[in-house]
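Given next are the chains, with one letter for each unit.
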Amino acid sequence: MNFNLTFIGQILAFAIFVWFCGKFVWPPLTKAIDARRKIIADGLMAADRASKDLELAQERATKIIREAKQEASGIVDAANRRAAKLVDDAKDKGRAEAERIKIAAKAEIEQEMEHAREQLRSQVASLALAGATKVLEASVDESAHKAMLDKLAVNL
Amino acid sequence: MAAGEYENAGDYIAHHLVNLTYGRLPAGTELCNGGVAETTQWQLAGCASEAAAMGFMAVHVDSLLWSFGLGALILFIFYRAGKKASLEAPGRFQAAIEIIVEFVGNTTKDVFHGRTGAIAPIALTVFIWVFMMNLMKLVPVDLIPYPLEKFFGVEYHKIAATTDPNITLGMATFVLMLVIGFSIKMKGWGYLRELSFTPFNTWFLVPVNLVLEIVGLLAKPISLGLRLFGNMFAGEVIFLLIAALFGASILFMPLATGLNLIWAIFHILVITLQAFIFMVLTIVYLALAHDDPH
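Owing to the predicted nature of the structure, the values given are computational and were not obtained by experimental measurement. (Residues numbered from 1 in each chain as written. Chains lettered and ligands numbered in written order. Predicted model: local features only at pLDDT ≥ 70, side-chain atom pairs only at ≥ 80, totals over all residues. Heavy atoms only, no water.)

1. As for the overall build of chain B
What counts, and what does not: The helix count covers DSSP runs of H or I at least four residues long, the strand count covers runs of E at least two residues long, and both are numbered beginning at the N terminus. The rule is simple: take the accessible area with a 1.4 Å probe, protein chains only, and divide by the maximum for that residue type; under 20% is buried, over 50% is exposed, in between is partly exposed. Contacts are residue-level and defined by heavy atoms, with any inter-residue pair within 4.5 Å sufficient. For the area figures, the Shrake-Rupley method with a 1.4 Å probe applies, and any residue is considered shielded solely by the protein chains shown.
Within chain B, the secondary structure is distributed over 10 helices and three strands. When the helices and strands of chain B are read in sequence order from the N terminus, they spell out α-β-β-α-β-α-α-α-α-α-α-α-α. With the C-alpha coordinates aligned to their principal axes, the bounding extent of chain B is approximately 65 × 60 × 35 Å. Counting all 294 residues of chain B, 46% fall into the buried class. A sequence separation of at least 24 residues applies to 68% of the contacts in chain B between residues at least 6 apart. Carbon and sulfur atoms provide 70% of the accessible area of chain B, an area that totals close to 14,500 Å².

What follows is the structure in structure tokens.
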């Protein structure tokens, strides 16, 4: 309880401790705290930015997907149209070919018929002449009656 | 029970309030054992009257050892924490240390609006050191002194350094030195003018002003030191009274245990609060030294 040199000793001790604390204790601790505060703030900011980036990327992705879908449906449409057109073309071509064949066949038939008729016509004259010869025997003169016979052949 | 060895509770308490004193015992002093000191010599005081006879030329070995030891210990702990501080993954120990550092830093910033560079470390030192010294009051009063007396013959020992006015006033005086130092550093000759011309701004009243201002200046550390000392000393006396109750009779033991528990729990608050008050007032005084109060 007496007032004595302890007082001086305590002042010295205090001075030493304040010096020590100010030089070796306070700076590293506050530096660590400040540095960590900065790291955390940076981290939060980076996370913020990342989430914004993600949002943007998602937006872009949906946009690309939408465009791709549109493109795909366009391609499918074009393909469908083209297929229909091909089928139509093929149909037309087939129809035309059929028509052509039909015409050719008709023409052939006609030609055949004409040919047969021609043959018949050429034989009718001789047949009629032979028949008439039989009927009339000598009275018929081939050259005299040729015009009449030809007329008959034409009418056949 | 240590108290059982004393004639009465008063003796017990008086004995426990004497520091372990090493000092210069002047020749002709009446010794405790009835003799008279033949030569002036440095020695440990054997009893309270010898310690009193030593006057100023003595040191309280226990106070200084505990105060310096605890201060060095706590600062070393903080130093280690600062040295091994990890930025990404602070452990619990580091987090606890940083909580205290942040707390002190924020308190300093709240009180002192300016660069806290020099004040904050002082505040931290004050807070943790005073807290550690106060904390020794929660150690049962006889736990350390009694074995020391029994086995090492150390008759007196107080482990709670802040119950010694030398310690608290020493700290307060250093705060005063810092206040004066900062004032001169910040204001230069303006500080002398501030002391001379406030509160009465005339040439005639300079001496009156000086007296008033110096009284005001000295009142701060004295109140600072005595507040801490008073609180801690009173608490210590209560602890000693309760401890004396243990020794009075076995019947009082449950009562004494309960009282001791209640008082100790209450003191957890008191010691922290007193350390905090000491720190805040230190910051306030140093902040006043920085800016112009008038």
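2. Some details on the overall build of chain A
Our working rule: Restricting the calculation to C-alpha atoms gives the radius of gyration, and the globule rule supplies 2.2 Å times the number of residues raised to the power 0.38. Charged residues are defined narrowly, with Lys and Arg counted positive, Asp and Glu counted negative, and His plus the chain ends left uncounted. For the purpose of locating charges, the reference atoms are NZ of Lys, CZ of Arg, CG of Asp and CD of Glu.
Helix and strand content of chain A: two helices and zero strands. Taken over C-alpha atoms, the radius of gyration comes to 61 Å for chain A, far larger than the 15 Å a tight globule of 156 residues would show. Dimensions of chain A, computed from C-alpha atoms along their principal axes, come out at roughly 195 × 20 × 15 Å. A total accessible area of about 12,100 Å² is found for chain A, and carbon and sulfur atoms account for 63% of it. The average position of the 25 basic charges and that of the 23 acidic charges among the side chains of chain A differ by 16 Å.

3. Some words on the side chain of A:Asn4
The cut-off we apply is this: Whenever a nitrogen or oxygen atom comes within 3.5 Å of another N or O atom, the pair is scored as a polar contact, on the condition that within protein one atom can donate a hydrogen and the other can accept it, and that pairs from neighbouring residues in sequence are kept only if both atoms are in side chains.
Note that A:Asn4 resides in the segment before helix 1 (6-136). In terms of polar contacts, A:Asn4 uses its side chain to reach the side chain of B:His60, at 3.1 Å. Among residues more than four places away in sequence, those in contact with A:Asn4 are B:Thr21, B:Gly55, B:Phe56, B:Ala58, B:Val59, B:His60 and B:Asn166.

4. With respect to the packing of helix 7 (residues 165-187) of chain B against helix 10 (residues 253-290) of chain B
Residue and element names in this part refer to chain B. Note the following rule: All axes here are fitted lines through C-alpha atoms, helices being fitted over the stretch that makes contact, and every angle between N-to-C directions spans 0 to 180 degrees. Here the word oblique covers every angle except those under 35 degrees (roughly parallel), over 145 (roughly antiparallel) and from 65 to 115 (roughly perpendicular). Left-handed describes a crossing whose near helix is turned anticlockwise from the far helix through less than a right angle; right-handed describes the clockwise counterpart.
Running from N to C, helix 7 and helix 10 point in directions that differ by 25°, and their axes come no closer than 8 Å. Classed by the angle they form, the pair helix 7 and helix 10 counts as roughly parallel. Seen from above, helix 7 lies across helix 10 with right-handed handedness. Of the residues in helix 10, those in contact with Thr-168, Met-171, Ala-172, Val-175, Leu-178, Val-179, Phe-182, Ser-183, Met-186 and Lys-187 of helix 7 are Phe-278, Thr-282, Tyr-285, Leu-286, Leu-288, Ala-289 and His-290.

5. Remarks on the interface of chain B and chain A
Convention followed: The term buried area denotes the loss of accessible surface (1.4 Å probe radius) that occurs when two parts are joined, taken as the sum for both partners. Polar here means any residue outside two lists: the nonpolar Ala, Val, Leu, Ile, Met, Phe, Trp, Tyr, Cys and Pro, and the charged Asp, Glu, Lys and Arg; Gly therefore counts as polar.
At the junction of the two partners, chain B supplies 56 residues and chain A supplies 32 residues. Summed over both partners, the interface of chain B with chain A buries about 3,800 Å², with 77% contributed by carbon and sulfur atoms. If you sort the residues of chain B by the area they bury against chain A, B:Phe56, B:Leu87 and B:Asn166 come out on top, with a joint share of 17%. For the pair chain B and chain A, the interface holds eight residue pairs in polar contact (both at pLDDT 80 or more). Looking at the side of chain B that touches chain A, the elements with two or more residues in it are helix 2 (48-54), strand 3 (58-60), helix 3 (61-83), helix 4 (92-111), helix 5 (119-135), helix 7 and helix 9 (206-248) of chain B. Per-element accounting of the side of chain B that touches chain A gives the leading share, 11 residues, to helix 3 of chain B. Along the lines of polarity and charge, the residues of the side of chain B that touches chain A split into 37 nonpolar, 15 polar and four charged.

6. Some points on empty space enclosed by the protein
Residues and elements named next belong to chain B. Put simply, the test is: The way it works is a 1 Å grid over only the protein atoms, where trapped points that fit a 1.4 Å probe form a cavity and open points with protein on both sides within 12 Å along at least five of seven lines form a pocket, and then any residue with an atom within 4 Å of a point lines it. Grid points are joined across faces, edges and corners, and a volume is the space filled by probe spheres set on the points.
All chains considered together, the criterion is met by three cavities of 30 Å³ or more. The calculated volume of the largest cavity comes to roughly 90 Å³. Taken together, 13 residues make up the lining of the largest cavity; nearest its centre are Val-141, Pro-145, Lys-158, Ile-159 and Glu-236. Its residues assigned to classes, the lining of the largest cavity shows eight nonpolar, two polar and three charged. Of the voids in this model, the second largest cavity is the one considered here, and its volume is about 50 Å³. Breaking the lining of the second largest cavity down by element, the ones donating at least two residues are helix 1 (9-16) and helix 6 (145-152).

7. Notes on the pattern of salt bridges
Two side chains that carry opposite charge are able to pair once their charged atoms sit near each other. For clarity, the threshold we go by: The salt bridge definition used is simple: a Lys or Arg side-chain nitrogen within 4 Å of an Asp or Glu carboxyl oxygen.
Counted according to the given criterion, the structure contains nine salt bridges over all chains. For A:Asp42, the salt bridge goes to A:Lys38, with nearest N and O atoms at 3.1 Å. Taken together, the positions of A:Asp42 and A:Lys38, both in helix 1 and four residues apart, correspond to about one turn of that helix. Classification of A:Lys38 as exposed rests on a relative accessible area of 53%. Ionic contacts of the salt-bridge type, sharing partners, join the residues A:Asp34, A:Arg37 and B:Glu102 into one network.

8. Digging into the confidence of the model for chain B
Put simply, the test is: What pLDDT expresses is the predictor's confidence in each residue, scored from 0 to 100.
The pLDDT averaged across chain B works out to 84; a share of 97% of its residues lies at or above 70. For this predicted complex, the interface score ipTM comes out at 0.85, while the overall pTM is 0.75.

9. Focus on the sheet that holds strand 2 (residues 41-44) of chain B
Residue and element names in this part refer to chain B. To keep things clear, this is the line we draw: By definition, two strands form a pair when at least two bridges between them are found by DSSP.
If you walk across this open sheet you meet the three strands as 2-1-3, and the pairing is antiparallel. Strand pairing shows two members of the sheet lacking a second neighbour, strand 2 and strand 3, which therefore form its edges. For this sheet the average axis-to-axis angle between neighbouring strands, irrespective of direction, equals 15°. Bridge analysis of strand 1 (residues 21-25) against strand 3 gives three bridges, and the strand direction is antiparallel. When the bridges of strand 3 are listed, Tyr-22 appears paired with Val-59. Taken strand by strand, helix 3 contacts strand 1 and strand 3, and its axis lies near 50° from that of strand 3.

10. Comments concerning the environment of B:Val130
Residues and elements named next belong to chain B. Looking at the secondary structure, you find Val-130 in helix 5. According to the relative accessible area criterion, Val-130 is buried, its value standing at 0%. In the structure, Val-130 is positioned 63 residues away from Ser-67 in sequence and 8.7 Å away in space, judged by C-alpha atoms. Apart from the residues within four sequence positions on either side, Val-130 is in contact with Thr-125, Met-171, Leu-228, Ala-275 and Phe-278.

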